[in-house]
Amino acid sequence: MKTIWGETLDPNAVLQEYPRPQMVRGSYRNLNGLWDYAITDAAAPPERWDGEILVPFSPEAPLSGVGRTLLPGQTLWYRRTLAEQPREGARLLLHFGAADQECTVYLNKRRVGAHVGGYTAFTVDVTDALAEENELLVAVRDGTDTNALSRGKQKTKRGGIWYTPQSGLWQTVWAEWVPERYITGLRITPDAANACVRVEVQSDYDGACYLHFAGRRIGGFTNRETVIRVKDAELWSPEHPKLYAFEAELGSDRVKSYFALRDVAVGKDAQGRPCLMLNGKPYYHCGVLDQGYWPDGLYTAPSDEALIYDITLMKRLGFNMLRKHIKIEPMRWYYHCDRLGMLVWQDMPSGGGQYNLLTISAPLITGVHLKDSHYRLFARTDAEGRDSYTRELEELVAQLQNCPCIVLWVPFNEGWGQFDAKEIGDAVKAYDPSRIVDHASGWYDQKGRDLKSMHKYILPIRMPKLDGRPFVISEYGGYSMISDGHVWNRKKSFGYIMFRSKEKLSAAYKKLHEKQVIPLIEKGLCATVYTQVSDVEFEVNGMYTYDRKVLKLDEKTVQEINSKLHL
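Just so it is clear, the structure is predicted and the values come from calculations on it, not from any experiment.

### With respect to the overall build of the protein chain
Per the secondary structure count, the protein chain includes 9 helices and 32 strands. Rg of the C-alpha trace for the protein chain: 23 Å, near the compact-globule value of 24 Å for 567 residues, within the 12% margin. For the protein chain, the C-alpha atoms occupy an extent of roughly 70 × 60 × 45 Å along the three principal directions. Within the protein chain, the fraction of its 567 residues that count as buried is 61%. Restricting the contact set of the protein chain to residue pairs at least 6 apart, pairs at least 24 apart contribute 68%. Surface summary for the protein chain: the accessible area is close to 22,400 Å², and the carbon and sulfur share equals 50%. The protein chain carries 71 positive and 71 negative side-chain charges, and their two centres are separated by 6 Å.

### With respect to the sheet that holds strand 26 (residues 406-410)
What the 8 strands build is an open sheet, ordered 27-26-25-24-23-32-29-28; its pairing is parallel. A strand with exactly one partner marks an edge of an open sheet, and here the two such strands are strand 27 (436-437) and strand 28 (452-456). In this structure, strand 23 (residues 285-290) lies alongside strand 32 (residues 525-531), joined through 4 bridges in parallel fashion. By the bridge assignment for strand 32, valine 288 is matched with tyrosine 530.

### Things to note about the environment of valine 173
Counting through the fold element by element, valine 173 comes out in strand 12 (residues 173-179). With a relative accessible area of 0%, valine 173 lands in the buried category. Taking the C-alpha atoms as reference points, valine 173 and glycine 97, 76 residues apart in sequence, are found 6.3 Å from one another. With near-sequence residues (within four places) excluded, valine 173 lies in contact with Asn30, Leu31, Asn32, Trp35, Val55, His95 and Phe96.

### Overview of the side chain of asparagine 402
In this fold, asparagine 402 is placed in the loop between helix 6 (383-400) and strand 26. Of the polar contacts made by the side chain of asparagine 402, one reaches the backbone nitrogen of isoleucine 188; its length is 2.7 Å. Within the structure, asparagine 402 has its side chain in polar contact with the side chain of glutamine 401 (distance 2.4 Å). Dropping the residues within four chain positions of it, asparagine 402 is found in contact with Gln22, Leu186, Arg187, Ile188 and Arg435.

### Regarding the packing of helix 2 (residues 304-316) against helix 3 (residues 331-340)
Look at helix 2 against helix 3: their axes get within 10 Å of each other, and the N-to-C directions meet at 40 degrees. Between helix 2 and helix 3, the angle is such that the two are oblique. The interaxial crossing formed by helix 2 with helix 3 has right-handed handedness. Packed against helix 2, whose contacting residues are Asp304, Leu307, Ile308, Ile311, Thr312 and Lys315, the element helix 3 presents Arg332, Trp333, His336, Cys337, Arg339 and Leu340 at the interface. Class assignment of the residues belonging to the contact of helix 2 with helix 3 gives a composition of 6 nonpolar, 2 polar and 4 charged.

### Section: the packing of aromatic side chains
Applying the stated criterion to the full structure yields 33 aromatic pairs. Seen from their ring centres, tryptophan 5 and tryptophan 294 are 6.0 Å apart, and the 90 degrees between their planes marks the pair as edge-to-face. Linking tryptophan 5 in helix 1 (residues 4-7) with tryptophan 294 in the loop between strand 23 and helix 2, this pair joins segments that are 289 residues apart in sequence. Classification of tryptophan 5 by relative accessible area gives buried; the value is 13%. With a centroid separation of 5.1 Å and 80 degrees between ring planes, the pair formed by tyrosine 509 and tyrosine 530 is classed as edge-to-face. Highlighted residues: tyrosine 509 in helix 8 (residues 502-521) and tyrosine 530 in strand 32, separated in sequence by 21 residues. The class for tyrosine 530 is buried, based on a relative accessible area of 1%. In this structure an aromatic cluster arises from ring pairing among Tyr119, Tyr163, Trp170, Tyr293 and Tyr299.

### Overview of the pairing of strand 15 (residues 208-213)
Pairing geometry for strand 15 and strand 16 (residues 216-221), over 6 bridges, is antiparallel. Within the sheet, the bridge partner assigned to alanine 208 lies in strand 16 and is phenylalanine 221. Here strand 15 hands over to strand 16 after 2 residues, with alanine 214 in that stretch at a positive phi of 50 degrees.

### A word on the packing of helix 6 against helix 7 (residues 421-431)
Put simply, helix 6 and helix 7 touch, their axes get as near as 11 Å, and they point 30 degrees apart. Classified by the angle their axes make, helix 6 and helix 7 are roughly parallel. Taken as a pair, helix 6 and helix 7 cross one another with a handedness that is right-handed. Counting all contacts with helix 6, which are made through Tyr389, Thr390, Leu393, Val397 and Ala398, the residues of helix 7 involved are Ile424, Val428 and Tyr431. Residue composition of the contact of helix 6 with helix 7, by class: 7 nonpolar, 1 polar and no charged.

### Re helix 9 (residues 555-565)
Residues Thr557, Val558, Ile561, Asn562 and Leu565 constitute the buried set of helix 9. Projected down its long axis, helix 9 carries its buried residues within an arc of 125 degrees, all on one side. Where helix 9 is buried, its residues touch strand 23, helix 8 and strand 32.

### Quick look at the pattern of salt bridges
Enumeration according to the criterion identifies 38 salt bridges in this entry. For arginine 449, the salt bridge goes to aspartate 426, with nearest N and O atoms at 2.9 Å. Residue arginine 449 is located in the loop between strand 27 and strand 28, and its partner aspartate 426 is located in helix 7; the two are separated by 23 residues in the primary sequence.

### Comments concerning the environment of glycine 168
Positionally, glycine 168 belongs in strand 11 (residues 168-169). Overall, the relative accessible area of 0% leaves glycine 168 in the buried class. Counting along the chain gives 255 residues from glycine 168 to glutamate 423, while the straight-line C-alpha distance between them is 32 Å. If sequence neighbours within four positions are ignored, glycine 168 has contacts with Leu76, Tyr78, Ala98, Ala99, Asp100 and Val140.

Rules behind the numbers
Residues numbered from 1 in each chain as written. Predicted model: local features only at pLDDT ≥ 70, side-chain atom pairs only at ≥ 80, totals over all residues. Heavy atoms only, no water. Helix = DSSP H or I, 4+ residues; strand = E, 2+ residues; numbered from the N terminus. Rg over C-alpha atoms; globule rule 2.2 N^0.38 Å. Buried < 20%, exposed > 50% of the residue type's maximum accessible area, 1.4 Å probe, protein only. Contact = heavy atoms within 4.5 Å. Areas by Shrake-Rupley, 256 points an atom, 1.4 Å probe, with all protein chains shown as cover. Lys, Arg positive; Asp, Glu negative; His and termini not counted. Charge placed at Lys NZ, Arg CZ, Asp CG, Glu CD. Pairing = 2+ DSSP bridges. Polar contact = N/O pair within 3.5 Å; in protein donor to acceptor, adjacent residues only side chain to side chain. Axes fitted to C-alpha atoms, helices over the stretch in contact; angles between N-to-C directions. Parallel < 35°, antiparallel > 145°, perpendicular 65-115°, else oblique. Left-handed = near helix turned anticlockwise from the far one by under 90°. Nonpolar A, V, L, I, M, F, W, Y, C, P; charged D, E, K, R; others polar. Phe/Tyr/Trp six-rings, centres within 6.5 Å; stacked < 30°, edge-to-face > 60°. Arc of directions from axis to C-beta. Salt bridge = Lys/Arg side-chain N within 4 Å of Asp/Glu carboxyl O.

This is the structure we're talking about:
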């Protein structure tokens, strides 16, 4: 099964767009394309290569051209030449969007860097290993669900709500030259109430720096906040996604970036009920669950246009929020949400040991909330794995915290490797007080920040007793239909409630909202997340099919219902 973008993919021009829109330099070289690859049982580099792989698609993804699964204990090797030579007074950085799960980088047989964690970006300075001719080697190991590292919904034995395991380089690889003293990052904190934004220019060098905005050159110092004040400020919202461009300067290094002015918070509505706020006013989050999977690229969208398509279609249907579920997207996806106007709830990909079926399923029926300090019940007995989780979560928040679209963090979902959620929610809030936290989405509520978050499938949705926190239905629906000719595996297809036609599915969608969801808004419900954007592998509960070719519900019906959810 392929998408229209996969069908027209040019292997000589794969995902060529600049990968990091909030920190753009001119010295950019995209390294996507055909690399040599080999899968070995030994840790040493291979003597022979198995063929070519199309980076940045995992070897398990059809678009990679490989069609092989990296097994726990094996090593996936990549090789290519690097057509760069040493430059006086400059350094060469290699950027990796993501590598699942453990990655080591070699240049000219010299180890130049490594990273653990399959979802966050990392950078390697290869300057000191550069020669006139350069061989770049990358080694990746992936235990999927045989170790405690974050894996999301990947499973060695896929089926139902668990998906194909994948490995290796699955986001863009690129290189850029920088001066000896350069900007390593930006931290951008909006303050809409005061019509300003605070920018920290980060660097290993402490010294003077400058911000360029609206014809002004504003002086400051690295690793300290500098304030940009905005005259006649326009606030960002899904209805008005206003972005402001600016540049940061440090010596001869200069990067282009952008910000938006918007504030999010928990507050009270006119009736005194807890609610979600945007720019100082109650704002209903009408959302849909977004897994970010593709039949031909798996984790990796086949093109930038494919990323845009998902966002624009959901916006056209009347949704103003996407819950990015158990995955981190490339930075360009968040940029498109920023510029198109789409709120994002960002999940942390789950990890831990082998999940106990009773632990992760029983609350759907019983509603019982166990204490997540019982590490054995939650498959979190491995202290090293818990430490790895907190490190990966910190990397996630640090990488994405500049994106205006992100308004809420979700550290845990449905007890999948959950532990100490209240404390972890507090830690996320301390690092990023500008956003809301759903510390435990679905069940096993530990009474933590900031929401009372419920999942409901099959059973009727009823209003719980409010406890001072905003009440959200963070997953519901999952209504399903098999679309002949556009289904990944008909015999093993999975869905909560199945319907046989577009008409019946649309009627059921309408009834669910009119009878159960809309009445709860009058009682204080302040956000909903319908499952889901598209079918994914065995799941057939998408708004449209896995290949994105068929919208399974009547468009006008969905638009009509959504217009009633967030008046």
